[in-house]
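# Structural description and commentary
If you want the building blocks of each chain, they are given just below.
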Amino acid sequence: MYSIFKVKKITGTYSDTLEAFGLANLLNEIQSRVNLKRPKLWIEDKGLYYEITSTPEIKNEDISDLNYFPLFQYVVRKDNETFDESYFDYPKQRKLKKERQEFVQKAYKEFAGKAKVKQLKKRLLEIERIYETEKFISPQLDVYSQIITPNNVVGFDKLYMNLSLNKESFPIIITAIFNYYVTGNNNLEIKRLNAFSSSLTALQIYNPTTGKGQNKGKASGASAGPIKLSWISETMKISGALTNMLCQLVKVGNSYDLKIIVPDFKKTEYHNQRNIALAFKRNIKGNTPLKVDILNLLIVIKQLIINTNEYRNFKARNILSRLHSTYQKDLGQNKAVVNISELKTPDFIEFASEDEAKDWVNFLNEQINIIGSIEELGDATQGLIAYRTFLTSSNFMSWIKFIFWYSEHLMSSLSKNKYVLSFRINTLNKFFKKMSIKDFKISEITSNAGFLKVAYAIRKSTVTLQYTPKEQRHFEIRYGVAQSLQNKSKSTCEFAGYIGEFIGLYNSETARKAELKKGYRKPVREDELNDFYSLLDKYPSKVVGALLASYGFALEEKEASAVEQEIEETTDNDNQ
């Protein structure tokens, strides 16, 4: 009987993860074909290995009675080509994808302009519905497009034919696979099988750390001989790649490189993991390196929350530990791995109720829109690097770097009539509600009445005015506030002096306009300013300054909704 299977971590990369997913795919298929009552399948990261548990256990007689089925679909590469088993029609899928892209581009041209935003959204939704139902585009297309390359397809064919040419020995082959992951032994008698490949050259798409010659596990010369791996592990990796790998093109100059993304779950039920991975692949955005990293992590966490049914003591990192990310440089006919990294799930995403879960989804949607609207050029790369570091390390100091940059970016873009998205105060409140820095909670600062009033004064002197048409402005826009907050907050004394000076000018202009009845905004009272100063006696000035930048350049709910409605048609250009 078989119940617990172990997939050893050999490389520490997504190669091991794919192998575990592939084995889970096989177990799930067998569970569905044998008479198991209420079958369950769990995948858990045990540190040195992945443990996959099948309940009830799979019996030897269950395997003996199995009829052949392919572990993954064969892929045909030419028009009008067929195959005598279930197959993936790559030429047809590629044409459908190109067709959809053409329809989307046509829609953006046909419904250009603010007056046609609703028509554009309706048309885009219609296109997506057509290509998810009537003209289905498979979520496996991105992986198959890499499989059919000359370097990869030969190994794919060999592994597929291992089983296809030995249908009558299928139970024996499955038993060998099971024993490999239970006892570590591969006792398959190759001589009894037809044209069976017992080992395959390691392919970079599934094994990013493998190469030739000097890249061998143990140096034994500078020859360029291939590295051979077990047919079992490589078969599982292909199956895992087709269900859990994302192959995403990223634009660099005039060419496109490749990013391979694989989610790594700490502990999850098989079907839930599959649903999250599928939803993640269907909702990807972005096509530049830094934005791809950030958006992928935000989107997969969003799908993780949407697909959960357990809200008590939910912590995202306890389910999804990381995204494996590998960057491959396009060299023409081949691709070379230039970076292998992992994007860890933020430690601060947790909740205890369905309402809090919805708050997090709203926050993540906001972040996806904000990051999606940033053009990855010039100094934007520094801001995006800081944001990515904040997400993956949960280090608030990286948020400080990002928010100071974004505040300046926001003001600069608006001054050039380039509309960008602001944070919402409501979502910031929920975001910072439970976040802590060392020995204090951020909400201790953001709930302070003086802090909120100073942030209000900054907002009414800067971003609110910039979103207001010139003919309706009654107050002068204060440029340079974002830069001053960053510079002055390095010193408590200088920061206190700057805020005092800023509020003095703000109050005097407010009073002057009130006398002329040319506009109204609330003044900052002396007791409110003193409340703010009390924060500088307890908390680091740089933290207070960054939080002022967060709230001072954010918008109230009504303001934000009006702005987003006005610029909605420009926020999803990456998907055209």
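### As for the overall build of the protein chain
In terms of regular secondary structure, the protein chain is built from 22 helices and 16 strands. Taken along the three principal axes of its C-alpha coordinates, the protein chain extends 95 × 55 × 55 Å. For the protein chain, with 576 residues in total, the buried portion stands at 50%. Accessible surface, the protein chain: about 27,600 Å² in total, of which carbon and sulfur atoms supply 48%. Taking the average place of the 82 positive charges on the side chains of the protein chain and the average place of its 67 negative ones, the gap between the two points comes to 2 Å.

### With respect to helix H20 (residues 526-536)
Taken together, the buried positions of H20 are Glu528, Leu529, Phe532, Leu535 and Leu536. Along H20, the residues classed as buried sweep out an arc of 110° about the axis, all on the same side. Turning to H20, the residues buried within the fold contact helix H15 (443-446), helix H16 (449-461), helix H19 (492-515) and helix H21 (541-552).

### Some thoughts on the nonpolar core
Counting residues in each nonpolar core, the largest one holds 173 residues, and the members touching the most others are Ile177, Phe178, Trp399 and Leu485. When residues of this core are assigned to their parent elements, the largest contribution, 11 residues, is made by helix H13 (residues 396-415). Once residues within four sequence positions are removed from consideration, leucine 485 is found in contact with Phe404, Ile458, Phe495, Tyr498, Ile499, Gly545, Leu548, Ala549 and Phe553.

### Description of the pattern of salt bridges
Summed over all chains, the structure comprises 26 salt bridges. Its salt-bridge partner being lysine 95, residue aspartate 79 comes within 3.3 Å of it at the nearest N-O pair. Highlighted residues: aspartate 79 in the loop between strand E4 (74-76) and strand E5 (87-89) and lysine 95 in helix H3 (residues 90-110), separated in sequence by 16 residues. Exposure remark for aspartate 79: the relative accessible area of 45% places this residue in the partly exposed category. Classification of lysine 95 as partly exposed rests on a relative accessible area of 48%. Of the charged contacts, one joins aspartate 293 and lysine 259 as a salt bridge, the two residues approaching to 2.6 Å between their closest N and O atoms. In this pair, aspartate 293 is assigned in helix H10 (residues 289-306) and lysine 259 in strand E9 (residues 255-265), connecting sequence segments 34 residues apart. Under the relative-accessibility criterion, aspartate 293 is labelled buried at 2%. Lysine 259 sits in the buried class, given a relative accessible area of 6%. Several salt bridges converge on common partners, so that one network encompasses Lys453, Arg525, Asp527 and Glu528.

### Side note on the packing of H16 against H19
With their axes 11 Å apart at the nearest point, H16 and H19 run at an angle of 60° to one another. One way to sum up the angle between H16 and H19 is to call them oblique. Of the two possible hands of crossing, H16 and H19 adopt the one that is left-handed. Where H16 approaches H19, its residues Val454, Tyr456, Ala457, Ile458, Lys460 and Ser461 are matched on the opposing element by Ile499, Phe502, Ile503 and Tyr506.

### Considering the sheet that holds strand E1 (residues 2-8)
Reading across from one edge, E1-E3-E2-E10 is the order of the four strands in this open sheet, with antiparallel pairing throughout. Of all the strands in the sheet, the pair left with one neighbour each is E1 and strand E10 (267-269). Within the sheet, the average angular offset between the axes of one strand and its neighbour, ignoring direction, is 15°. Bridging between strand E2 (residues 40-45) and E10 involves three bridges; their strand directions are antiparallel. Paired with glutamate 44 across the two strands is lysine 267, which belongs to E10. On top of the sheet, helix H7 (residues 170-182) reaches E1 and strand E3 (49-58); it is set at about 65° to E1, its chief contact. Sheet contacts for helix H9 (residues 270-282): E2 and E10; angle to E10, the most-contacted strand, approximately 95°.

### With respect to the sheet that holds E9
Pairing between the strands of a sheet is mediated by backbone hydrogen bonds and can be parallel or antiparallel. Reading across from one edge, E8-E9-E12-E13 is the order of the four strands in this open sheet, with antiparallel pairing throughout. Looking at strand neighbours, the two that pair on one side only are strand E8 (246-252) and strand E13 (335-344), the edges of this open sheet. Averaged over all pairs of adjacent strands, the angle between their axes in this sheet comes to 25°, without regard to strand direction. One ladder, built from eight bridges, connects E9 with strand E12 (residues 320-330); its direction is antiparallel. Looking across to E12, one finds that phenylalanine 265 is bridged to leucine 320. Where helix H1 (residues 14-33) meets the sheet, its contacts fall on E9 and E12, and the angle it forms with E9 comes to roughly 60°.

### Things to note about helix H12 (residues 380-393)
For H12, spanning 14 residues, the distance from its first C-alpha to its last is 20 Å, which sits close to the expected 20 Å at 1.5 Å a residue. Of all the residues in H12, the buried ones are Ala380, Gly383, Leu384, Ala386, Tyr387, Phe390, Leu391 and Thr392. Lining the buried residues of H12 we find H10, E13, helix H11 (354-372), H13 and helix H14 (425-432). Phi turns positive, to about 60°, at serine 394, one or two residues after H12.

### Considerations on the confidence of the model for the protein chain
Per-residue confidence for the protein chain gives a mean pLDDT of 90, with 94% of residues at or over 70. pLDDT under 50 marks residues 212-217. Its contacts with residues more than four places away, or in other chains, come to 16 contacts.

### A word on the packing of H12 against H13
Following both chains from N to C, one finds H12 and H13 inclined at 150°, their axes separated by 8 Å at the closest point. By the criterion of interaxial angle, the relationship of H12 to H13 is roughly antiparallel. Crossing of H12 over H13 shows left-handed handedness. The segment H12 lies against H13, with Ala380, Gly383, Ala386, Tyr387, Thr389, Phe390 and Ser393 engaging Phe396, Ser398, Trp399, Lys401, Phe402 and Trp405. For the contact of H12 with H13, the per-class residue count stands at eight nonpolar, four polar and one charged.

### Description of the packing of aromatic side chains
Taken as a whole, this structure holds 47 aromatic pairs when the rule is applied. Summarising the aromatic geometry, the rings of phenylalanine 390 and phenylalanine 431 are spaced 6.1 Å apart at their centres and angled 85° between planes, so their arrangement reads as edge-to-face. With a gap of 41 residues between them, phenylalanine 390 in helix H12 and phenylalanine 431 in helix H14 connect regions that are remote in the sequence. For phenylalanine 390, a relative accessible area of 2% puts it in the buried group. By relative accessible area, which is 4% here, phenylalanine 431 ends up buried. Over the face of the ring belonging to tyrosine 50 we find lysine 9, whose NZ or CZ atom lies 4.8 Å from the ring centre. Here the basic side chain of lysine 267 rests over the ring of tryptophan 42, its NZ or CZ set 5.8 Å away from the ring centre.

Here is what the cut-offs are and how they apply
- Residues numbered from 1 in each chain as written.
- Predicted model: local features only at pLDDT ≥ 70, side-chain atom pairs only at ≥ 80, totals over all residues.
- Heavy atoms only, no water.
- Helix = DSSP H or I, 4+ residues; strand = E, 2+ residues; numbered from the N terminus.
- Buried < 20%, exposed > 50% of the residue type's maximum accessible area, 1.4 Å probe, protein only.
- Areas by Shrake-Rupley, 256 points an atom, 1.4 Å probe, with all protein chains shown as cover.
- Lys, Arg positive; Asp, Glu negative; His and termini not counted.
- Charge placed at Lys NZ, Arg CZ, Asp CG, Glu CD.
- Arc of directions from axis to C-beta.
- Contact = heavy atoms within 4.5 Å.
- Core = buried A, V, L, I, M, F, W, Y, C linked by side-chain atoms within 4.5 Å.
- Salt bridge = Lys/Arg side-chain N within 4 Å of Asp/Glu carboxyl O.
- Axes fitted to C-alpha atoms, helices over the stretch in contact; angles between N-to-C directions.
- Parallel < 35°, antiparallel > 145°, perpendicular 65-115°, else oblique.
- Left-handed = near helix turned anticlockwise from the far one by under 90°.
- Pairing = 2+ DSSP bridges.
- Expected span 1.5 Å × (residues − 1).
- pLDDT = per-residue confidence, 0-100.
- Nonpolar A, V, L, I, M, F, W, Y, C, P; charged D, E, K, R; others polar.
- Phe/Tyr/Trp six-rings, centres within 6.5 Å; stacked < 30°, edge-to-face > 60°.
- Lys NZ or Arg CZ within 6 Å of the ring centre and 35° of its normal.

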